[in-house]
Amino acid sequence: MSELLPEIPRLYTALAEWMACIVFISLLRKKLFGWKLIIFLGGGLLVQSAFLVLTKDLPIAFWIPSMVVAAGMMFGLIYVTCQITVVEAGYFSIRAFVAAELVASLESQVRFFLLNGERINMTMDILLLFAVYGVVFFLIWLLEKRHITANSHLNIKQGELLSTLLIGMAVFGVSNMSFVSVRTPFSGQYTQEILNIRTLVDLGGYAILYAYHIQLNDLRIKHELKAMQNIFQNQYAQYQQSKESIDIINYKYHDLKNQIIALRAEDNVEKRNAYLKQMENDIKSYEAQNKTGNHVLDTLLTSKNLYCIKHGITLTSVANGALLNHMDVIDITTIFGNALDNAIEYEKKIEDKEKRLIHVSVFSQKGFLVMRFENYFEGKLNLKEGIPKTTKRDKNFHGYGLKSIQYAVQKYDGVVNVVQKDSWFELTILMPVLTPQNK
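Our subject in this report is the structure included herewith. In this text, all values refer to a predicted model and were calculated from it rather than measured experimentally.

The rules behind the values
- Residues numbered from 1 in each chain as written.
- Predicted model: local features only at pLDDT ≥ 70, side-chain atom pairs only at ≥ 80, totals over all residues.
- Heavy atoms only, no water.
- Helix = DSSP H or I, 4+ residues; strand = E, 2+ residues; numbered from the N terminus.
- Buried < 20%, exposed > 50% of the residue type's maximum accessible area, 1.4 Å probe, protein only.
- Areas by Shrake-Rupley, 256 points an atom, 1.4 Å probe, with all protein chains shown as cover.
- Patch = residues over 30% accessible without salt bridge, like charges linked within 9 Å, V, L, I, M, F, W, Y side chains within 5 Å.
- Salt bridge = Lys/Arg side-chain N within 4 Å of Asp/Glu carboxyl O.
- Lys, Arg positive; Asp, Glu negative; His and termini not counted.
- Charge placed at Lys NZ, Arg CZ, Asp CG, Glu CD.
- Polar contact = N/O pair within 3.5 Å; in protein donor to acceptor, adjacent residues only side chain to side chain.
- Contact = heavy atoms within 4.5 Å.
- Expected span 1.5 Å × (residues − 1).
- Arc of directions from axis to C-beta.
- Pairing = 2+ DSSP bridges.
- Axes fitted to C-alpha atoms, helices over the stretch in contact; angles between N-to-C directions.
- Disulfide = S-S within 2.5 Å.
- Core = buried A, V, L, I, M, F, W, Y, C linked by side-chain atoms within 4.5 Å.

Scanning the protein from N- to C-terminus turns up 12 helices and 7 strands. Of all 439 residues assigned to the protein, the portion counted as buried reaches 42%. When the accessible surface of the protein is totalled, it reaches about 24700 Å², and 61% of it is carbon and sulfur.

Okay, here's the thing in structure tokens:
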């Protein structure tokens, strides 16, 4: 490293990295609470500090590997304490690392500017450290708080994590170039300009990552708006279906009245029993037979079943609706409404009414909640980006129902799988079964 640079205390770097993690941990949903959280965070600070101090005098070849390990410790601190996925933890740890680099560099620059490289007593040094760290990290916390909430799900994908990682690596490489060698086009020759380069590059890097985060957040909001529009459309469709269901019940009411009249006039015992059996079968078809343990699912299945009866479709279900009680009503209607609507739309095209079959099952298996939708399927399933290719003339809204399902499922860290098994189309949803501790 350049001999012109003053020594930057490793403890200060460790503190900056730890405080950057605290900024994001304070805003995200927690897995640890109370004393467990305090003890783990305190231990994290001690380990981070000890590691950076012990690796202080290693050769320059070990400097980058040491910083990678330090960033890994930040990842572990965020992932263990917060209820987020591995990909999301990687995303936030990279942003925290760049923020830590910015604050540590800014503090060094302020100290050098005020003191012109001269040493001060420890008390003044600590006061300056906490003043700069406290003010800047508080400003970062205020900025991040506007776009991060404990209940928000950005649904970070691997490609977005890779983009963030590349930005972070570029920022770290350029900002620290002068610390490795002054013989590059991007290096400074003197302490002040080296510190200027580092601070400005880190500031630009943090600004880029912050803008990227806002863009991802806006995309999430747009997806939610689309999902809400889809839900409103489904609600209107369900209203129309309810009107049709009432008409069906009214028709059946008149049929039963006529059957009762005929039954009273019938003297033949066998014919009378046949009438009674027919009436019993008709009544069973219209019973409120969906008692799953979740009233939203009961209503949906009953409404869809009545619609299926009108169109000659057999809908059966075996569902433990109590497993869905932790889910938002909107998400339940989005998943089941869209899945059943897609299945019904396809079954109506099948000529043979005996083959118009749909089956729904909801159960738990090995710690996962499983929702499975099966319907009879003719032909070969062609997938594009995990979504069946459309046969509709209007392709503008192709896959929107399945995308709405995927978006709703991702809120609960679940996955959606679409396959064809023989003559059956199968849509399977898996998500972790929530325990009382993490609801």
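Structure shown, so let's carry the discussion forward.
Taken together, the side chains of Glu351, Asp352, Glu354 and Glu378 make up a negatively charged region of the molecular surface. In this fold, glutamate 378 is placed in the loop between strand S3 (368–376) and strand S4 (383–384).

Mapped onto the secondary structure, lysine 30 falls in the loop between helix H1 (10–25) and helix H2 (34–54). Nearest to the buried, unbridged lysine 30 among oppositely charged side chains is glutamate 88, at 13 Å. There is a polar contact of 3.4 Å between the side chain of lysine 30 and the backbone oxygen of serine 26. Reaching out from lysine 30, the side chain makes a polar contact with the backbone oxygen of leucine 28 at a distance of 2.9 Å. Once you skip the residues sitting within four places of it in the chain, lysine 30 turns out to touch Ile25, Thr81, Cys82 and Gln83.

Quick look at helix H6 (residues 158–175) now. Here H6 spans 26 Å end to end across 18 residues, near enough to the 26 Å set by a 1.5 Å rise per residue. By the burial criterion, the buried members of H6 are Glu160, Thr164, Gly168, Val171, Phe172 and Ser175. Looking straight down H6, one finds its buried side chains confined to an arc of 100 degrees; they lie on one side. Projecting away from the buried face of H6 at angles above 90 degrees are the exposed residues Gln158, Leu166 and Met169.

Turning to the pairing of strand S7 (residues 424–432), a few remarks are in order. Pairing of S3 with S7, which is carried by 9 bridges, proceeds in the antiparallel orientation. Pairing of valine 370 across the sheet is with leucine 430, part of S7. Here strand S6 (residues 415–421) folds back onto S7, and the loop between the two strands holds 2 residues, one of which, aspartate 422, carries a positive phi near 55 degrees.

Attention now moves to the sheet that holds strand S2 (residues 357–365). An order of S1-S2-S3-S7-S6 is seen for the 5 strands of this open sheet, with the pairing classed as mixed. If you trace the sheet from one side to the other, it starts and ends with strand S1 (314–319) and S6, each paired once. Between one strand axis and the next, the sheet turns by 15 degrees as a mean value, whatever way the strands run. Packed onto the sheet, helix H11 (residues 329–347) meets S1, S2, S3 and S7 and runs at close to 15 degrees relative to S3.

Before going further, it helps to examine the state of the cysteines. This structure, assessed with the given rule, holds 0 disulfides. Cysteine 82 takes part in no disulfide bond, and the closest cysteine sulfur to it belongs to cysteine 21, at a distance of 9.3 Å. A relative accessible area of 0% places cysteine 82 in the buried class.

Turning to the pattern of salt bridges, a few remarks are in order. Counted under the stated rule, the structure contains 8 salt bridges. Residue aspartate 341 pairs with lysine 304 through a salt bridge whose shortest N-O separation is 2.6 Å. Here aspartate 341, found in helix H11, pairs with lysine 304, found in helix H10 (residues 295–310); they are 37 residues apart in sequence, far enough to count as distant. A salt bridge links lysine 421 to glutamate 426, with the nearest nitrogen and oxygen atoms 3.5 Å apart. Among the charged side chains, a salt-bridge network with shared partners connects Glu101, Arg198 and Asp202.

In this structure, Ile78, Phe92, Tyr133, Phe137 and Ile140 are the most contacted members of the largest nonpolar core, which totals 50 residues. Of all the secondary structure elements, the ones that give two or more residues to this core are H1, H2, helix H3 (63–81), helix H4 (86–115), helix H5 (122–145), H6 and helix H8 (191–265). Top contributing element to this core by residue count: H4, with 12 residues. Those residues in contact with tyrosine 133 that sit more than four places away from it in its chain are Tyr12, Thr13, Leu15, Ala16, Met19, Val103, Ala104, Glu107 and Phe138. In this structure, Val296, Cys308, Met371 and Leu427 belong to the second largest nonpolar core, which totals 36 residues.

Let us now look at a nonpolar patch on the surface. Residues Val135, Phe138, Leu139 and Leu142 make up a contiguous nonpolar surface patch of about 370 Å² in total accessible area. Relative to the helices and strands, valine 135 resides in helix H5.

Keep in mind these numbers describe shape, not what the thing actually does.
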